Amino acid sequence: MNPIVEFCISNLAKGGQIVFDELSKDDNIDVLDYGCLTYCGQCSDSLYALVNGDIVTGDTPEALKENIYKHIEETWIF
């Protein structure tokens, strides 16, 4: 079982697409996109993704990707 990283398409359009594309190449992560994740306040404020249900943010696409990997490393139990 792989960690699951979920993106809102609105956040992808704000810069998250770069992260989505890069994470999609990682065979150890399942990456999904949805029309809306119902975190509209978070979506309007920053780049974010849900990592196994937890909100992970970043000020830039690079920071978001780094924070996603860090979160997985710190919390993944499989």
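Not measured: the values here are computed from a predicted model. (Residues numbered from 1 in each chain as written. Predicted model: local features only at pLDDT ≥ 70, side-chain atom pairs only at ≥ 80, totals over all residues. Heavy atoms only, no water.)

**Examining the pattern of salt bridges**
Now for step 1: According to the stated counting rule, one finds one salt bridge in the structure shown.
Now for step 2: The partner of Lys-65 in a salt bridge is Glu-22, with the nearest N and O atoms 2.6 Å apart. Here the residue Lys-65 occupies a position in helix α3 (residues 61–75), and Glu-22 occupies one in helix α1 (residues 9–24), the gap between them amounting to 43 residues.
Now for step 3: According to the relative accessible area criterion, Lys-65 is partly exposed, its value standing at 28%.
Now for step 4: We classify Glu-22 as partly exposed; its relative accessible area is 34%. (Salt bridge = Lys/Arg side-chain N within 4 Å of Asp/Glu carboxyl O. Helix = DSSP H or I, 4+ residues; strand = E, 2+ residues; numbered from the N terminus. Buried < 20%, exposed > 50% of the residue type's maximum accessible area, 1.4 Å probe, protein only.)

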